[in-house]
Amino acid sequence: MRRRERNHGWVTPMLTATLAVAVTIGMGRFGISLLLPGMRETFGFSTTAAGVLAAGSLLGFLTGSVGFAARAVALGESRLLAFGAATAALGFGLTALAPSYMLILAGLVFGGIGTGIATVAGTALALATAPEGRRGLVLGIVNGGTGMGVIAIGVLAPRFDGSEEWRTVWWIVATAAVVVAGLAAHIRAAPTIHPTSESVRRPADVWGLYIVYAGFGFAFASYSTYFGSFLVEQQELTEALAGSAWRLLGAVSLISGVTWGRLSDRWGRGTALGSLMAVQGIGFALLLPGSPAAAYVSAAVVGATAFAVPGMVAAAAADLVGPAKASALYGFSIIFSSLGQASGPPLVGAISDSLGSYRPAFVVASLVALATAGASATMLRPGVAVA
């Protein structure tokens, strides 16, 4: 019984945070691209306007994650998680009801704000309750929720592809977010921050974390943006094949967080992140032949690494400044990840346009990932623990 009670103290928050990530990030943020065609059919807005919707969601996410990261502990992690999930539910519900493009934009921005709040609050809750030697494992499980959500929205969206049926999917996502808010609100006990020593760190250690997250954002966004276009437009493979390869990436990602999180607990964050980014860089390059086999192998290798990065970065933040301050550092690091995501696709796209091929996009993504691996292994070094 005592063991069950001790586990309940961190397992329940971990599972709640995992569900929050699955619903808000996996289904809400990653679901936009799958639901955009139906929304465009209803309202007839342009490709540029569709890009504005995606940018609005990202802006909302940044506002929520950065704006509330430093306040997670003071406000209470579980209460803030409930508030973030409820805010996301309102945004997704508004999107489902929206009679115009501008209200869709408002709903996605609002949903993005709630998603950002829920993400940092869920991460803070998991960090605050996780045993010190299992931070990587716990956060790996939490961020594995992204893959769960990607698979869920990938199953839902094709089933509701008729006129106006995209609204049904947004209602399902909004309802799931309400459930998350209710679960978080019922985590009554104040989270216990496990004793830990904070480390004396050079500024380079913190900047190393920022560089790693920015490099990951740049490389993965470049790869994911042009993955389907390369296979379908340039290699003349079918959309069905590209879609099945992408679903494979999501399926493999379900175990990536747990696997790499556990390895980071054993090897140290810098070594594990460096190894992960090196494998990911190889995975990007494996797509270059453009064959069906290359598509599946590349997707599997990238899926085995991609969604593990956020959890490992959050665990590294706790190693740097302690769990009480980690949510603030993690929230600020999201800015650098977002800058990488925003700058990667346009830059590699311009290179690809000038050379008339998508292949340079994957070459650059691979090189950036390998450079990030080196930065992680050298800059995120073990610190000197002090009382």
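For clarity, every value in this text was computed on a predicted model and none was experimentally measured.

S.K.: It is not clear to me how the overall build of the chain should be interpreted in this structure. Could you clarify?
M.R.: Along the backbone of the chain there are 15 helices and 2 strands. Within the chain, the fraction of its 387 residues that count as buried is 52%. The long-range share in the chain, meaning contacts at least 24 apart out of those at least 6 apart in sequence, stands at 83%. Looking at the chain as shown, the accessible area adds up to about 15600 Å², and 67% of this sits on carbon and sulfur atoms.

S.K.: Hey, could you run me through the packing of aromatic side chains in this one?
M.R.: By the definition in use, this model includes 18 aromatic pairs. In textbook terms, an aromatic cluster arises when at least three aromatic residues are bridged by ring pairs, as seen for Tyr 223, Phe 227, Phe 230, Trp 246, Phe 284 and Phe 362. Between the NZ or CZ atom of Arg 29 and the centre of the ring of Phe 61, over which it lies, the distance is 4.6 Å.

S.K.: Would you mind going over the packing of helix α11 (residues 269-285) against helix α13 (residues 309-321) with me for this structure?
M.R.: Angle between the axes and distance between the axes: these two values describe a pair of packed helices. Taken N-terminus to C-terminus, the directions of α11 and α13 make an angle of 160 degrees; their axes are 10 Å apart at the nearest point. Classed by the angle they form, the pair α11 and α13 counts as roughly antiparallel. The chirality of how α11 crosses α13 is left-handed. Together, Arg 269, Ala 272, Leu 273, Leu 276, Met 277 and Gln 280 of α11 and Val 309, Met 312, Ala 315, Ala 316 and Asp 319 of α13 make up the contact between the two elements.

S.K.: Whenever I open this one, unusual backbone geometry confuses me. Can you help?
M.R.: Glycine aside, the phi torsion of most residues is negative, and most peptide linkages are trans. A positive phi angle is found at Glu 236, which is not glycine, with a value near 60 degrees. Owing to a relative accessible area of 69%, Glu 236 belongs among the exposed residues under this scheme.

S.K.: Looking at this structure, how should I read helix α12 (residues 292-303)?
M.R.: The α-helix winds at 3.6 residues per turn, so residues separated by three or four positions along the chain end up facing the same way. Between its terminal C-alpha atoms α12 stretches 16 Å, which fits the 16 Å expected from 12 residues at 1.5 Å a residue. Of the positions making up α12, those classed as buried are Ala 294, Ala 295, Ser 298, Ala 299, Val 302 and Gly 303. Axial view of α12: buried residues confined to an arc of 150 degrees, hence all on one face.

S.K.: Explanation requested: a nonpolar patch on the surface in the structure shown.
M.R.: Together, Ile 282, Leu 286, Val 297, Val 363, Leu 367 and Leu 370 make up an exposed nonpolar region whose accessible area comes to about 490 Å². In terms of residue count, the dominant contributor to the nonpolar patch is helix α15 (residues 359-379) (3 residues). Note on Leu 370: relative accessible area 39%, which makes it partly exposed.

S.K.: In this structure, what is going on with the packing of helix α5 (residues 101-129) against helix α6 (residues 135-143)? I would like to understand it.
M.R.: Between α5 and α6, whose axes approach to 9 Å, the crossing angle comes to 150 degrees. Taken together, α5 and α6 sit at an angle that is classed as roughly antiparallel. In terms of crossing hand, the pair formed by α5 and α6 is right-handed. Facing α5, whose interface residues are Thr 123, Ala 126 and Leu 127, α6 presents Arg 135, Val 138, Leu 139 and Val 142.

S.K.: Teacher, can you tell me more about the side chain of Thr 146 here?
M.R.: Within the secondary structure, Thr 146 is located in helix α7 (residues 145-159). Excluding its chain neighbours within four sequence positions, the residues that come into contact with Thr 146 are Val 21, Ala 22, Ile 25, Gly 26, Phe 30 and Phe 307.

S.K.: Just to check I follow, could you spell out the nonpolar core for this structure?
M.R.: Buried together is how nonpolar side chains tend to be arranged in soluble globular proteins. Membership of the largest hydrophobic core comes to 67 residues, with the highest contact counts inside it found for Tyr 223, Leu 231, Phe 284, Leu 287 and Val 309. Among the elements that take part in this core, helix α9 (residues 203-234) stands out by supplying 13 residues, more than any other. The residues touching Phe 284, leaving out its near neighbours within four places in the chain, are Ala 219, Phe 220, Tyr 223, Ser 298, Val 302, Phe 362, Ala 365, Ser 366 and Ala 369. Grouped together as the second largest cluster of nonpolar side chains are 41 residues, Met 39, Ile 117, Trp 170 and Ile 187 included.

S.K.: Could you clarify how one ought to interpret helix α8 (residues 166-185) in this entry?
M.R.: Under the 1.5 Å per step criterion, the end-to-end length of α8 is 29 Å for 20 residues, consistent within 8% with the ideal 28 Å. For α8, the full list of buried residues reads Trp 166, Arg 167, Val 169, Trp 170, Val 173, Ala 174, Ala 177, Val 180, Ala 181 and Ala 184. Buried residues in α8, looked at end-on, bunch into an arc of 155 degrees, giving them a common side.

S.K.: Looking at this structure, I do not really get the pattern of salt bridges. What am I missing?
M.R.: Counted according to the given criterion, the structure contains 4 salt bridges. Salt-bridge contacts for Arg 262 lead to Asp 265; the nearest nitrogen and oxygen are separated by 3.7 Å. Linking Arg 262 with Asp 265, this pair stays in helix α10 (residues 239-267), spanning 3 residues, or about one helical turn. On the basis of relative accessibility, which here comes to 31%, the residue Arg 262 falls in the partly exposed class.

S.K.: In this structure, what is going on with the confidence of the model for the chain? I would like to understand it.
M.R.: Detailed reading of the predicted coordinates is not advisable wherever pLDDT falls low. In the predicted model, the chain carries a mean pLDDT of 83, and the fraction of residues at 70 or more is 90%. The spread of mean pLDDT over the elements of the chain runs between strand β2 (residues 384-385), the lowest at 34, and α8, the highest at 95. Long-range and interchain partners of residues 194-200, a stretch whose pLDDT sits below 50, account for 27 contacts in this model, where long-range means more than four residues apart.

What counts, and where the lines are drawn
Residues numbered from 1 in each chain as written. Predicted model: local features only at pLDDT ≥ 70, side-chain atom pairs only at ≥ 80, totals over all residues. Heavy atoms only, no water. Helix = DSSP H or I, 4+ residues; strand = E, 2+ residues; numbered from the N terminus. Buried < 20%, exposed > 50% of the residue type's maximum accessible area, 1.4 Å probe, protein only. Contact = heavy atoms within 4.5 Å. Areas by Shrake-Rupley, 256 points an atom, 1.4 Å probe, with all protein chains shown as cover. Phe/Tyr/Trp six-rings, centres within 6.5 Å; stacked < 30°, edge-to-face > 60°. Lys NZ or Arg CZ within 6 Å of the ring centre and 35° of its normal. Axes fitted to C-alpha atoms, helices over the stretch in contact; angles between N-to-C directions. Parallel < 35°, antiparallel > 145°, perpendicular 65-115°, else oblique. Left-handed = near helix turned anticlockwise from the far one by under 90°. Expected span 1.5 Å × (residues − 1). Arc of directions from axis to C-beta. Patch = residues over 30% accessible without salt bridge, like charges linked within 9 Å, V, L, I, M, F, W, Y side chains within 5 Å. Salt bridge = Lys/Arg side-chain N within 4 Å of Asp/Glu carboxyl O. Core = buried A, V, L, I, M, F, W, Y, C linked by side-chain atoms within 4.5 Å. pLDDT = per-residue confidence, 0-100.

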